Amino acid sequence: MALYPLLRPLVFLMEGERAHRATISALKLLPTGAPTPDPALRMSVAGLDFPNPIGLAAGFDKDAEVFGQILRLGFGFAEVGTLTPLPQAGNPRPRLFRLAEDRAVINRMGFNNGGLDAARARLEGRSSGIVGINIGANKDSSDRIADYVAGVRRMGPLADYLTVNISSPNTPGLRALQDKVALDDLLRAVIEARGGMKPPIFLKLAPDLERSDIDDIAEVSIARGIDALIVSNTTISRPPLKSRHRGESGGLSGAPLKQLALERLRDFRRATGGAIPLIAAGGIESGADAYARIRAGASLVQLYSALVYEGPGLARRIAGELKALLARDGFARVGDAVGADES
């Protein structure tokens, strides 16, 4: 892990998606495991006891190939997927771009994955650690709600939690499910499909929302008993960027998303009044970033793009920095700092 700064220039010589597959292959060579819970960093959300609040977001381990190795790197939880009922190739390549000068990534992957059944076979053998399963709809589906229902029924028995992803910008029309009526229909069907399985249901949202959208989503989510909101996915907006890839279409993640994602987190904290736990994602690359989201109301945080630039030791580094910041400000436990900026 300490060698990553030396290896990164070599990794960056590879096309982004090829480098990602090489990373997955390398991780498969490592043993699996789970982090040791830290009393200062343990967090309870939706009935789950997280050993620390630092999670790996969906998109890295799309097909549930290395979730055990991810946990061994110090992540408190790993989220696999997005998985769709049927396998699909996703959008044409190239579709993944590093914006090194901006510490960012643009992707237009399009839910490429091997489908629910292939991932299910790998998930059935897992033994420890918290693993969430992110579910989505096939691009050419004639009934997207039915796709989410299939995901809940097939993956619910294996998931510590399920994430309903309606916020990817790379599947045409998907974000329309964030509209109030459509969202209510979707969440009603998802909750009914969960039945007695009872894995918590999380909802992943876009940062590109108007104030009225935020209020509507909060209202519907509370009414339907959603267990947590993930704020947020990638953005289709474009702040000033330096990289030659800045004009590529798709979702932007990484450092340029930091401020927008923080603002949306604060918006959802206000809109929900703390009634639903929030999970922060977008531009998190340090303990200070994680701490800022927690103070703004997040119970957990997720990252992904920062791994491209910081390497596999990032989760442990963020956890250590976060613990030091909590101690500096007199918080004995991370839960004590959630929403601290509101007081």
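Residues numbered from 1 in each chain as written. Predicted model: local features only at pLDDT ≥ 70, side-chain atom pairs only at ≥ 80, totals over all residues. Heavy atoms only, no water.

To continue, consider the sheet that holds strand E7 (residues 131-135). Around the barrel, which closes on itself, the eight strands sit in the order E3-E4-E7-E8-E9-E10-E12-E13 with parallel pairing between neighbours. For this sheet, the mean angle separating the axes of adjacent strands, direction not counted, is 25°. Strand direction decides the pairing type here: E7 and strand E8 (residues 161-165), joined by four bridges, are parallel. Pairing of Asn 134 across the sheet is with Thr 163, part of E8. (Pairing = 2+ DSSP bridges. Helix = DSSP H or I, 4+ residues; strand = E, 2+ residues; numbered from the N terminus. Axes fitted to C-alpha atoms, helices over the stretch in contact; angles between N-to-C directions.)

As a further point, take the packing of helix H9 (residues 287-295) against helix H11 (residues 314-328). Closest axis-to-axis distance for the H9/H11 pair is 8 Å, and the angle between their directions is 55°. Regarding the angle of H9 to H11, the classification is oblique. In this structure, the crossing between H9 and H11 has a hand that is right-handed. Listed contacts from H11 to Gly 287, Ala 288, Ala 290, Tyr 291 and Ile 294 of H9 are Ile 318, Glu 321, Leu 322, Leu 325, Leu 326 and Arg 328. Among the residues forming the contact of H9 with H11, the class breakdown is eight nonpolar, one polar and two charged. (Parallel < 35°, antiparallel > 145°, perpendicular 65-115°, else oblique. Left-handed = near helix turned anticlockwise from the far one by under 90°. Contact = heavy atoms within 4.5 Å. Nonpolar A, V, L, I, M, F, W, Y, C, P; charged D, E, K, R; others polar.)

All right, on to unusual backbone geometry then. Along the chain, Gly 81 connects to Thr 82 via a cis peptide bond; the corresponding omega equals 20°. For Thr 82, the position within the fold is in strand E4 (residues 77-83). Each neighbour pair has its own omega, and for Arg 93 with Pro 94 the value is 0°, a cis peptide bond. Positive phi, close to 55°, is recorded for Ala 64, a residue that is not glycine. A positive phi angle is found at Lys 198, which is not glycine, with a value near 60°. Structurally, Lys 198 can be placed in the loop between helix H6 (180-194) and strand E9 (201-205).

These results come straight from atomic positions and should not be treated as a statement about function.
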